[in-house]
Amino acid sequence: MSSWLGSLGSGLGQSLGQVGGSLSSLTGQISNFTKDMLLEGTEEVEETTAEFQISSSRMKEIEAIHITLRAENERLKKLCTDLEEKHEAAELQIKQQSSDYRNQLQQKEVEVSHLKARQNALQDQLQKLQTAAQSANLEVANLPSTTTSASFVPGISHHVSTFHGDDMDFGDIIWSQQEINRLSNEVSRLESEVGHWRHIAQSSKAQGTNSSDQSEICKLQNTVKELKQKLSQEIDDHQHELSVLQDAHRHKLGEISRRHREELGEYEERIEELESLLHQDGSEIRLPDHSKVHEMQKTIQILQTEKTESVKKIQEPEVEIKDKHEKLSLTENDKEILKKVQELLNVEKSQIIQECERLKMEVSQFIMIEEERILPDNMSVKEELLRLQQALSDAQKEIMRLSSLNQGNILPEDSLELKKNLQILKEENSCLNQEKEELQKTLLTFQNEPETIIKFTSTEDMNLKLELSNLKIDLETKNLELNESIAEKETLIAELEELDKQNQEATKHMILMKEQLSKQHNEADITISKLIQDVNDEKKRVSQLENEKMKITKELEVQKEKFNQGEVTLHDLNINNQELENKIKDLRDQLDKSQEYILNIKKENTELQEKLKQNEKDLFITKNDLTKLLNQESNSNFQCHLLEEKETEIGNLNKHLSEMKELNKNLEKIVLDVKMENEKLALACEDVKQQLQESVNVKNQVSLEKDTVIEALRMEKGQLEVQLHQSEKRLLEQAHKYEQTIEELSNARKMNTSALQLEHECLIKLNQEKDFEIAKLKNKIEQINSDHKETKEILTRNLAEQKELTELIKEKEIFIEQLQDKELKLQKKLDTHIQISEQNKIFRQTLEEKDKSLAIMKEENNHLQEELERLRDQQSRSVPLAEPKTLDIITELETEVTQLNVIKGNLEDEIKCCQKTIEDQNQNEMKLLQTLQEQKKEIDEFKSQHEQMSITHTQLFLEKDEEIKNLQKTINQIKTQLHEERQDIQTETSDIFQETKVQTLNVENGNEKHDLSKAEIERLVKGIKEREMEIKLLNEKNVSLTRQIDQLSKDEVGKLKQIIKQKDLEIQALHSRISSASYMQDVVYLQQQLQAYVVEREQLFSVLNEKTRENSQLKTEYHKIVDIVAAKEAALLKLQDENQQLNSRFESSGQDMFKETIQNLSRIIREKDIEIDALSQKCQTLLTVLQTSDSGNGNEVGSINSNQFEELLQERDKLKQQVKKMEEWKQQVITTVQNMQHESAQLQEELHKLQAQVLVDSDNNSKLQADYNGLIQSYEQNETKLKCFGQELAQVQHSIGQLHNTKDLLLGKLDVVSPQLSIRSSVVLPVRDRQSEIPNETSKSLQQELDLLRKILQEKDATIKTLQENNHRLCDSVAATSELERKEHEEIDSEIKQIKEKRDILQKSLKEKDLLIKAKSDQLLSLNENLTNKTNENELLKQAVTNLKERTLILEMDICKLKEENEKIIVMSREKETEFRALQETNMQVSMMLREKEFESNSMKEKALAFEKLLKEKEQGNTGELNQLLNEVKSMQDKAVKFQQERDQVMLALKQKQMESNSLQNEVQHFRDKESRLNQELERLRNHLLEMEDSYTREALAAEDREAKLKKKITVLEEKIVSSSNAVENASHQANLQVESLQEQLNVVSRQRDETVLQLSLSQDQVKQYALSLTNLQMVLEQFQQEEKAIYSAELEKQKKEITEWRRKAENLEGQVMSLQENLEEANAALDSASRLTEQLDLKEEQIEELKKQGELRQEMLDDVQNKLVNLINSTEGKVDKVLMRNLFVGHFHTPKNKRHEVLRLMGSILGIEKEEMEQLLNEDQRGVTRWMAGWLGGGGSKSVPSTPLRPNQQSVFNSSFSELFVKFLETESCPSLPPPKLSVHGLKPLDSPERGKLTNPASDTKGSGSSRRPDVNPFLAPRSAAVPLITPAVHGVSGTGHLLMKPISDALPTFTPLPVLPDNSAGAVLKDLLKQ
């Protein structure tokens, strides 16, 4: 803005100046022209017409020239516009490029920040790995305790193993140990190198002759100092890290123990839950899912609230940003208003200038008018002058007013530029005043000239008469003069024509030059574009190289960090190794002592055995003596003597025994001492074990060695314990034996010799057994020794392999060093290339500047050519006196043109040079790229080699691990063998105590691994003392127990024998049981149960394994989350620390640093001055020494000079070091500032990233929730749709079922119609048959019967007619029904079609829905899986979320603080940058001073060298040459000093010149821009002037109107300015309010911080109090432990008793469990069968429902048929068949008289007479009966039964009576030949079950007869369905082809046989009853 206004103001000023110049030149030309016209006016009176013609022709020529010039001007304008457009395009391109470069820079900075973040993350991972390694060490230490505790808690062992396997693999530990070994080797190598270099430095000091060696020594010393500093720093860092790791380790131990307890509790709860689930049903499993869902919903709600809070927090800064944007827009609007105001003012200025120019034109016109009217118009001229003066004064006033307005409108930013504009305006005012003065002068001359003319005319009038005579002479002279003037005019015209030609040629030449210049310009543009492309390519390459460089530097940093860590770990390892070696030495000494002890004990044992043997021999001798004495028992006296001798012998033996007891007691004491020592050794061994386990985690080699040592110690300890136990056993056995011998000897007085012999044999056997035991033990010892040797051999092999590995690692280190050297070389090359690229940039800048200068020069050239043309015009018009000036100007211009051409040539040469350099650089870059690619290939090869090596290492380590595992297995086997040989009681007690000891020691050692401070050592000492006390107590208890055992053993020997006998009896009984078969069955059953239990146990184990896996996974996930949180916290802490450091740096070392730098620099300069003075003094002393040495001895001087020379060299080295330090310090300052900027950018980026992550997480959560809700809704909708579809389907099925029912009903009605017809026909047929078969015995009866038959026939015909009528009616009804059915069928078909279409549509939609449902179900499954995962994660994260929330709140507070601090730091950094610039300037001056001082010091050194040479030559005797050399040296020094000063001056001048040239170039560019604009304005003004000449009067009026408008506008603008100022004030007021509010917030935050600090201090005090209370609690705990240990031994015995009781209970419970399991299995089987039955029942129920439906249909049909049957029965109930009665009647007479009563009974039964009445009738007189019968028969009418035809297989038995035949006939008629009628189910053939169970005949069911064969049916009483079957028979009868109605119904129709309505008794039974009666 300010630059733009400045350029406008300067442009206006220049344009005004040029206008003034042009006006002055115009006035000069006008004055010259008037003078010529006045001179020629007297001479050219006669030839006015000719001159007019000439002038008119010249005017035309001038107009033509003017037109051509205009065309040229327009062309030039176009060129100018094109060039301006190109310039603007170039500027845009440059802007784009600059923006691209800035973006690239930002990207690089972002990448750098990312890489730094990644580096931090890697460092965190390294720290985590270290902590994990330490935790793994702990776990390895804790392993033995877990193994020992496995015997007591078998359930926990499995869990513990899985728990320890989670955190760290063994392979990682081995890898870390390998790295440690490699780093230790590196450190040793470096130490050896340091020693070597120190040795070289000492030797070089001793020699001290070569200057190059000394410089190397100085360098090495510097490197040594730096390394020492680094070492000290690293040691401090390491100590800090150690303390941090120890704290972390303790914390982690506590956490692990807490987790372990929690997990144990959880597992116990789980086990209880599982047991409860076994007893209960698994119905309550779905409850936790609801709780999980509820918890999920809660977490989702919490997350939503957090999201809303975060959104609110984000919205608050956005609102603030919006407010700031609004303020900015307001300020920008104000600026734009001010710009508009200034533009209006500029327009007004231009209008005023135009008015001035118009006034000047008017002046010129008035001057022309004055030439015509010289005298009369003087007054008008004066008036015009006055008017012009007034106009000028008005213009000045307006300018002043505008300037005052400008001052009022100026913003504080543009004040300087407006001042410049005011100065320019003042200059323009001064120019205008000068022009005014010139105009006044011209007017005065004009006033003087008319006065002279008046005087001249008056004198002529007076002297007319006098001169009449002289007129002729004058006329002649005048004529001559006229002729001469005409000749002169002709010559002048010729010259003018020549000048015109020259002008045309010049213009042509100019046009050609312009074209050439345009071509050159285009070429230059093309070259520039090419160069820009090359530059872009180079920049890209440079960026690539920088990226590669960054990668290489990162790799270097990583390697350096690894190296530093390795050095630290090596140092620790060396210390640990030394400690372990000392401990091993102590242990070896202790072992040697223990072995000596063991040897002594063995010797004592051998002595005791010898004594035993002697005693046994003595006993043998005594026994022999006794036998002899018993044989010689003759004399009683002799016996008494013998008894006395025996008594003496017994007394001796008792003494022996007492001595032996004393020996035993001594041995027991020794054994106790040995036990004490053994226990001490065990404690020491355990300590050594733990130390060895630590060393295993640190170093693999040492671990293996220590393991072997510990195993050897254990073996020896085991052997010692075994030997001790054996010795104890022997002593106890000996004591028992001695007691037995004493008892036997006491009994020997009473016993016989046989008893003594038996005892002797027993003793011999015992001795033999002991010898066997000793031999076995010796064999075992030999085996153990051989195992020990094998382990040692394995160890030696492992050590050799490890040495090979170390050699391989060394080779790798050599490779790495080579790579580092190559990287250093590459870095150097990169630096050179960067320098070359910087030079390229400088060249490009110079090129651009040169291009700009070329364009400017071209424009100047054009201007100069235009001025040349003007000058030529002036030459043609002006007097010959003005020619020398123009010539001078032309010569100057030509020289300038030549200079410009030379500059142009130089620029082209420079361009060519730049192109060459660019090509060279491109070639260099190509070479570099090739080298880089080669190096990349090499690096890849190295990487591949490294990977192969790592693979081989891993294989070797795996093999080693396998070997170690095998060794451990063998050791464990040996241990188990040793442990089995011990006694049960001792092992239990020792195991318990060892467990407690080991656990406590492990805990202590685990806690006290890394910080063995004094306090902890004291604690250990206390603990050891307490343990020793406990051991003493236990030893005393052991002694007391052994005594009790000795006392008990005597009493319990007899009891034990009795018990053994009882056991033998029990064993025999068991053997007898086993032999029985039932026992074997029990065994098989038990084995089966065992297998079932094993299966169940395996299932439980698998479940437990799964649970443990899940637990481990959950743990790993939790650890990951904790690690992430820890990493975030660490990053936050780092950021806070860095912020604090930055604040402290900026606050404290901001100004102090700069002051200190200035002070240091001034101090260095002073020191340099002092050193230079000292060196000059030394030079003087050397000169004096040289002069004195001429007279004195040369040897002494040489020695002095050499010493002084060494001192000088040392001083020079010191100075170099100081200079280097200064340079390093300067670089450090620069790097710190850059780092600050980078870090602030990184912090901002990290903040943005965190916010973005939070937003992304919240968005994801919301999206997931929305998706989940949508899925649930869609699922519910689908379910509702499915229900609707199911309902519709059910409706359709119901409608189909109804249609089927209607169809079946109609068919059933048709069936009902058909049987009626069949019944009628069946009645007709047998009548006809019977008529043909009647015997012709009785004609009368036949005639009567014929009559009857005719009557019957008539009746039948009537009935047939009625039936036919009924049939017709039925047919009509059937036809009507069929038509109705057809219509219904058509309707049903149409409905079915519609239903089918609907069904198809529904099926399609169903398919689509199924697909949708499948997709949704898949999605649901995936979502369910995700949900389960999320629930698991949530369960893990629930605890972490709360912590994280608190942490996030704290982080947000910290972030706010950091933001505020960052803003402060940014402000501070800006201030510091300004101070830096000032300091850099001072630094430049100081560096110049330093260079001068260095030059002086160098000159002094050169002097010193020259003096040394002179001294040497002096020693040889060249004194004369010395003096010459000295003189030369002095002269050279003086010259050097002068050159130095000149160089410094030139450097300073150069810098000043560069600064000046830069400023001048900027100014030149501004001026050139202004000139181009002013030229354009000039051309526009010229056109304006031509137009103004025509329309002056109009524009004068318009100007007045404009003035009025402008005044109005000014008033409006003033109002606007006032309003804008008010708005600005309001905005400032608001800003102040906001600042106050922010300050209040700051105060609140600071108060909160103070409160938190107070809380922290309080919490720290509380922590201290807690620590004190903890120590007190620990003391109390220790006391409690001591008390508990005392109680523990007493409670152990109780525990054992309780355990035995519990075992019994457990056995009982196991029995109960077995029975329960059997019950369970039975119940399960019953449940299975019940489930099967339920399934079958469901199927049966479905079938029953189907059958019920069918049964209902059949029932309806049955009801119809039964109704009809009932009607038929009612109609035929009171009637008797005539034919039947006739047959019976005839049969009665044919039968013999004895059996006629049976026939009568039969007839009675048919007629319905009861039995009693029949018997009464038969009992009465026979006549009466016959009469009654005859009368009754006659009265009833003759109804006869037709004779039925016999079966073909039936034979006529004539012998039998009529009644029997009749009964058979009835039976045959009643039993049909067809198969029995089946139910309709078989006719229907259902789809579900093709052959269901066959139902029994309903007739039989109704009667309830139990007979197997089918009961007889009466053909007369049975319904017609029995006679004519509905179902087709298997074999058709004879009458197969009868009437349709007579045919049976086909299988196709679903018919049902109707149940017949029968009487109580069948006909067959009635007949039989009659026969019986």
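All residue numbers refer to position in the chain's written sequence, counted from 1. It should be noted that, the model being predicted, local features are given only for residues of pLDDT at least 70 and side-chain atom pairs only at 80 or more, the latter also being counted only at that level, while totals for whole chains, interfaces and linings use all residues. To obtain the side-chain values, all non-hydrogen atoms of the structure were used and water was disregarded.

**Some points on the pattern of salt bridges**
Selection criterion: For salt bridges, the criterion is a side-chain nitrogen of Lys or Arg within 4 Å of an Asp or Glu carboxyl oxygen. Here a strand is any run of E in DSSP of at least two residues, a helix any run of H or I of at least four, and the numbering for each starts at the N terminus. Only protein chains enter the calculation, and the probe is 1.4 Å; a residue is then buried if its accessible area is under 20% of its type maximum, exposed if over 50%, and partly exposed in between.
Throughout the structure, instances matching the rule amount to 20 salt bridges. Note that Glu728 and Lys675 form a salt bridge whose closest N and O atoms lie 2.9 Å from each other. Highlighted residues: Glu728 in helix H11 (residues 700–748) and Lys675 in helix H10 (residues 636–698), separated in sequence by 53 residues. Since its relative accessible area comes to 16%, Glu728 is described here as buried. One salt bridge in this structure joins Lys822 and Glu938, with 3.0 Å as the shortest N-O distance.

**Topic: the packing of aromatic side chains**
Aromatic ring pairs are defined here through the distance separating the ring centres and the angle between the ring planes. The condition is simple: Each pair of aromatic rings taken from Phe, Tyr and Trp, with Trp reduced to its six-membered ring, is defined by centres within 6.5 Å and is described as stacked if the planes are under 30 degrees apart, edge-to-face if over 60, and tilted in the remaining cases. Both a distance and an angle decide whether a charge sits over a ring: NZ of Lys or CZ of Arg must be within 6 Å of the ring centre and within 35 degrees of the ring normal.
Considering all chains together, one arrives at two aromatic pairs under this definition. With a centroid separation of 4.7 Å and 75° between ring planes, the pair formed by Phe1785 and Phe1789 is classed as edge-to-face. Here Phe1789 and Phe1785 lie together in helix H22 (residues 1778–1790), a separation of four residues that amounts to about one turn. Residue classification places Phe1785 among the partly exposed positions, given a relative accessible area of 31%. Residue Phe1789 is classed as partly exposed on the basis of its relative accessible area, which comes to 48%. Here the basic side chain of Lys1705 rests over the ring of Trp1702, its NZ or CZ set 4.4 Å away from the ring centre.

**A few points about the packing of H22 against helix H23 (residues 1796–1807)**
Note the cut-off: For helices, the fitted axis covers only the stretch in contact; all axes are lines through C-alpha atoms, and the angles between them, taken along N-to-C directions, range from 0 to 180 degrees. Angle categories are assigned with fixed cut-offs, so that under 35 degrees is roughly parallel, over 145 is roughly antiparallel, 65 to 115 is roughly perpendicular, and the rest are oblique. Note on convention: the crossing is left-handed when the near helix lies turned anticlockwise from the far helix by less than a right angle, right-handed when the turn is clockwise. The contact rule is simple, with two residues in contact once any of their heavy atoms fall within 4.5 Å. Note on residue categories: nonpolar means Ala, Val, Leu, Ile, Met, Phe, Trp, Tyr, Cys or Pro, charged means Asp, Glu, Lys or Arg, and polar means any other residue, Gly included.
Two elements in contact, H22 and H23, have axes whose closest approach is 9 Å; the angle formed by their N-to-C orientations is 165°. In this view, H22 runs roughly antiparallel relative to H23, as classed from their interaxial angle. The chirality of how H22 crosses H23 is left-handed. Where H22 abuts H23, its residues Leu1780, Met1781, Leu1784, His1788 and Phe1789 lie against Arg1796, Val1799, Leu1800, Leu1802, Met1803, Ile1806 and Leu1807. When the residues that make up the contact of H22 with H23 are grouped by side-chain class, the tally is 10 nonpolar, one polar and one charged.

**Quick notes on the side chain of Thr131**
One can find Thr131 in helix H2 (residues 48–149). The exposure class of Thr131 is buried, given its relative accessible area of 19%.

**So, the confidence of the model for the chain**
Should the pLDDT be low somewhere, the predicted coordinates at that spot are not to be read in detail. Here is the rule we go by: Per-residue confidence from the prediction method is given by pLDDT, with values spanning 0 to 100.
Overall, the prediction assigns the chain a mean pLDDT of 76, with 77% of residues at 70 or greater. The secondary structure element of the chain with the lowest average pLDDT is helix H28 (residues 1898–1903), at 38, and the one with the highest is helix H21 (residues 1592–1772), at 89. Low pLDDT (under 50) marks residues 1940–1962, which in the prediction has 53 contacts with non-local residues, meaning those over four places away or in another chain.

**So, a positive patch on the surface**
Let me state the cut-off plainly: Patches were defined on residues exceeding 30% relative accessible area and lacking a salt bridge, with like-charge contacts within 9 Å and nonpolar side-chain contacts (Val, Leu, Ile, Met, Phe, Trp, Tyr) within 5 Å. For the accessible areas, the method is Shrake-Rupley and the probe is 1.4 Å, while residue cover comes only from the protein chains on display. His is not counted here, nor are the chain ends, while Lys and Arg score as positive and Asp and Glu score as negative. Where a charge lies is defined by one atom per residue type: Lys uses NZ, Arg uses CZ, Asp uses CG and Glu uses CD.
A contiguous patch of positive charge on the surface is contributed by Arg198, Lys225, Lys228 and Lys1221. Locating Lys1221 in the fold gives a position in helix H18 (residues 1194–1333).

**Topic: a nonpolar patch on the surface**
On the surface, Leu274, Leu277 and Val1103 cluster together into a nonpolar patch covering about 220 Å² of accessible area. Tracing the chain through its elements places Leu274 in helix H5 (residues 211–279).

**A look at H23**
Test applied: One fewer than the residue count of a helix, multiplied by 1.5 Å, yields its expected span.
An ideal rise of 1.5 Å per residue puts 16 Å on 12 residues; H23 measures up with 16 Å between its terminal C-alpha atoms. After H23 finishes, the residue Gly1808 shows a positive phi value of roughly 90°.

**Quick word on the nonpolar core**
The following threshold applies: Among buried residues, the Ala, Val, Leu, Ile, Met, Phe, Trp, Tyr and Cys ones that are joined through side-chain atoms within 4.5 Å form a nonpolar core.
Counting 12 residues, the largest nonpolar core is built from Leu1175, Cys1179, Leu1182, Leu1183, Leu1186, Leu1208, Met1500, Ala1504, Phe1507, Leu1510, Leu1511 and Leu1526. Counting only elements with at least two residues in this core, the list comes to helix H17 (1151–1191) and helix H19 (1339–1516). Of all hydrophobic cores here, the second largest spans nine residues; its members include Leu1784, Val1799, Leu1802 and Phe1862.

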